[in-house]
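# Secondary and tertiary structure notes
Below are the chains, spelled out letter by letter.
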Amino acid sequence: MSLQSVDIMLEKIILTARALVQGRAQSLEDISIHNTEKILKAFSKYRVADYYFKATTGYAYSDPGRENLDLIYAEIFGAEAALVRTQFVSGTHALAVALLGVLRAGDELISLTGQPYDTMQTIIGHKKSVSGSLVEMGVTYKQVELTEIGMVDYEAIGHAVNKNTRMVLIQRSRGYTARPSLNVAEIARICQTVKAINPDIICFVDNCYGEFTEQLEPTQVGADLMAGSLIKNPGGGLAPTGGYIVGRKSLVELASYRLTAPGLGAEMGASLGDSTRLLYQGLFLAPHVVMQAIKGAIFTAAVFNGLGYEVYPSAEAERSDIIQAITFYDEQKLTAFCQAIQRYSPVDAHALPIGGDLPGYEDSIIMAAGAFVQGASIELSADAPLREPYRAYMQGGLTYEHVLLAVSAAAKDIGAK
Ligand SMILES: *Cc1c(COP(=O)(O)O)cnc(C)c1O
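## Quick word on the state of the cysteines
Throughout the structure, instances matching the rule amount to zero disulfides. Summary of cysteine pairing: Cys191 is not part of a disulfide, and the nearest cysteine sulfur, belonging to Cys203, is at 3.9 Å. The class of Cys191 is buried, set by a relative accessible area of 2%. A disulfide-free cysteine, Cys338 has its sulfur positioned 20 Å from the sulfur of Cys208, the nearest such atom. Judged by its relative accessible area of 0%, Cys338 is buried.

Written out as structure tokens, the structure reads:
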């Protein structure tokens, strides 16, 4: 599509959206400059050198690339220790290893941000029984619902959390819900509230989609443990697979015993092929790539709002994750949106996404993902549960230009509300 072929109204909306992104560019750059500097300092401190990027084999004892990357993640996230591994198959796996590694039968886990992300519900196993889930293994689970407008309910937290609570779960990003993402300042306030009840309670953050959207990370403001995916923000679009856990040393160690085996922990795990270089290079690029994605999300919000649709967050809102929701109230429009994103993908542009079942998810899901790394959602992607109110969740974009082209095409296909 050439922008010339878009009708006049849409052309105006697109120009206005581009100007709005331009107006916010400098403050977004401030964040990526800060985070890039933080990463450069950590790379320098840990003397990153060419030999770190070499592949290792077998047990891979003393793999300098792996060991220093753990130290660098810990430094950047303001934590004592980290576990950064391609052996995590996904973000869900990293989150599961943290939870299953730390919690024991009889412990109480409380979600403070309502219903957790779909795949987290299976790890917890509170909705239906799942073999090997936390609940099956004797962990008690409760959740504090968000208020009607999706805000954290501090009063309810005060009633639910008690001095015997072992861990609280805080989900930063919105997931497949319309609530706001939590910013880091809010996460700090939640942690303070919990620590005032008992300083030993572990504040665990699902940080998926949040990394490098702000200058600080949750572990710098009171979170004890945190996990996320390397095919989202911190992999910078280059990490071929993997996840990370950062936090207090004793907790990261417990997680490492779950990832490998009790007693083995973090000291083994081969770095195959070119993966170590890609994790370092991806981390180096991540602050910039995250801002490309955020510019794309702001553009999308402005365009679809201009066309009369509900968007969340708004084009003007501060962001703490890279997700943009658009509500269509119409299955066909939602499908058309995902199909346009797919058509404008660098890979698999010829594929036509339709709804289907995915392991760990309850509803039928439609996904547009034409990514270089399968399922990477730091690359431009859109997905939606096929249920009312037919809301698309779009995220990622390695370049703003790509998001601009794909979203403009989607807007042209769908038209005004
Ligand atoms: C993406 C995501 C996860 C993990 O999903 P994976 O696809 O397994 O990486 C968990 N929680 C939230 C909020 C997420 O956005």
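## As for the environment of Ile197
Looking at the element boundaries, Ile197 is found in helix H6 (residues 184-197). Along the backbone, Ile197 and Lys163 are 34 residues apart, and their C-alpha atoms lie at a distance of 6.1 Å.

## Notes on the side chain of His402
Along the polypeptide, His402 turns up in helix H10 (residues 400-414). Under the relative-accessibility criterion, His402 is labelled buried at 19%. In contact with His402, not counting residues within four places along its chain, are Tyr344, Ser345, Pro346 and Leu380.

## Here we look at the pattern of salt bridges
For the coordinates displayed, the defined rule picks out 13 salt bridges. For Lys142, the salt bridge is made with Glu108, and the minimal N-O distance between the two is 3.4 Å. Separated by 34 residues along the polypeptide, Lys142 in strand S3 (residues 140-143) and Glu108 in strand S2 (residues 108-111) bring together distant segments of the chain. A residue is classified by how much of its surface remains accessible, and Glu108, at 14% relative accessible area, is buried. Salt-bridge contacts for Lys195 lead to Asp224; the nearest nitrogen and oxygen are separated by 2.6 Å. A residue pair is termed long-range when its members are at least 10 positions apart, and Lys195 in helix H6 and Asp224 in the loop between strand S5 (202-206) and strand S6 (225-229) qualify at 29 residues.

## Here we look at the site of the ligand
Taken together, Ser90, Gly91, Thr92, Leu95, Tyr117, Gln171, Asp206, Cys208, Tyr209, Ser229 and Lys232 make up the full set of residues adjacent to the ligand. In the model, an oxygen atom of the ligand is placed 2.9 Å from a nitrogen or oxygen of the Gly91 main chain. For the ligand, the protein covers 89% of the area, taking 380 Å² as the surface of the free molecule. Ranked by residue count, the leading element in the shell around the ligand is helix H3 (residues 91-102), at three residues. Along the lines of polarity and charge, the residues of the shell around the ligand split into four nonpolar, five polar and two charged.

## Looking at the side chain of Glu211
By the secondary structure assignment, Glu211 is in the loop between S5 and S6. With no salt bridge to any partner, buried Glu211 finds its closest opposite charge in Arg172, at an N-O distance of 6.3 Å. A polar atom in the side chain of Glu211 sits 2.6 Å from the side chain of Tyr244. Excluding its chain neighbours within four sequence positions, the residues that come into contact with Glu211 are Phe77, Arg172, Glu217, Gly228, Asn233, Pro234, Tyr244 and Val290.

## Side note on the packing of aromatic side chains
Taken as a whole, this structure holds 15 aromatic pairs when the rule is applied. Seen from their ring centres, Phe304 and Phe328 are 5.9 Å apart, and the 90 degrees between their planes marks the pair as edge-to-face. Placement of Phe304 in helix H8 (residues 275-306) and of Phe328 in the loop between strand S9 (324-327) and helix H9 (331-343) is noted, with a sequence separation of 24 residues between them. Members of the aromatic cluster, joined through ring pairs, are Phe43, Tyr51, Tyr52, Phe53 and Tyr280. The ring of Tyr209 carries Lys232 above its face, with NZ or CZ at 4.1 Å from the centroid.

## Side note on the pairing of S9
With burial as the criterion, each face of S9 is covered, one bearing Gln324 and Ile326 and the other bearing Ala325 and Thr327. In this structure, strand S8 (residues 310-312) lies alongside S9, joined through three bridges in antiparallel fashion. Residue pairing across strands places Glu310 opposite Thr327, the latter belonging to S9. Sheet analysis places S9 next to strand S12 (residues 391-395), joined by four bridges and oriented antiparallel.

## Quick word on the sheet that holds S3
Spatially, the seven strands line up as an open sheet ordered S1-S7-S6-S5-S4-S2-S3, and their pairing is mixed. The sheet is open, and its two borders are formed by strand S1 (81-85) and S3, each paired with just one other strand. Within this sheet the neighbouring strands show an average axis-to-axis angle of 15 degrees, counted without direction. Note: strand S4 (residues 167-171) against S5, five bridges, orientation parallel. Pairing of Gln171 across the sheet is with Asp206, part of S5.

## Things to note about the nonpolar core
The biggest cluster of nonpolar side chains holds 131 residues, and the ones touching the most others in it are Tyr73, Leu109, Ile245, Val303, Phe304 and Phe337. No other element matches H8, which puts 15 residues into this core. If sequence neighbours within four positions are ignored, Val303 has contacts with Leu10, Ile13, Ile14, Ala17 and Ala411.

## Observations regarding unusual backbone geometry
Most peptide bonds adopt trans geometry, and most residues besides glycine take a negative phi value. For the peptide bond that leads from Tyr312 to Pro313, omega is 0 degrees, which places it in the cis range. In this fold, Pro313 is placed in the loop between S8 and S9. Of note, the bond from Glu388 into Pro389 is cis; its omega dihedral lies within 30 degrees of zero at 0 degrees. For Pro389, the position within the fold is in the loop between strand S11 (381-385) and S12. For Arg47, which is not a glycine, the phi torsion comes out positive at approximately 50 degrees. Take Arg47: it is sitting in the loop between helix H1 (8-45) and helix H2 (64-76). At Ala60, a residue that is not glycine, the phi angle is positive and equals roughly 60 degrees. Looking at Ala60, the relative accessible area reads 7%, which means it is buried.

Rules used in this analysis
- Residues numbered from 1 in each chain as written.
- Predicted model: local features only at pLDDT ≥ 70, side-chain atom pairs only at ≥ 80, totals over all residues.
- Heavy atoms only, no water.
- Disulfide = S-S within 2.5 Å.
- Buried < 20%, exposed > 50% of the residue type's maximum accessible area, 1.4 Å probe, protein only.
- Helix = DSSP H or I, 4+ residues; strand = E, 2+ residues; numbered from the N terminus.
- Contact = heavy atoms within 4.5 Å.
- Salt bridge = Lys/Arg side-chain N within 4 Å of Asp/Glu carboxyl O.
- Near = heavy atom within 4 Å.
- Polar contact = N/O pair within 3.5 Å; in protein donor to acceptor, adjacent residues only side chain to side chain.
- Areas by Shrake-Rupley, 256 points an atom, 1.4 Å probe, with all protein chains shown as cover.
- Nonpolar A, V, L, I, M, F, W, Y, C, P; charged D, E, K, R; others polar.
- Lys, Arg positive; Asp, Glu negative; His and termini not counted.
- Phe/Tyr/Trp six-rings, centres within 6.5 Å; stacked < 30°, edge-to-face > 60°.
- Lys NZ or Arg CZ within 6 Å of the ring centre and 35° of its normal.
- Pairing = 2+ DSSP bridges.
- Axes fitted to C-alpha atoms, helices over the stretch in contact; angles between N-to-C directions.
- Core = buried A, V, L, I, M, F, W, Y, C linked by side-chain atoms within 4.5 Å.

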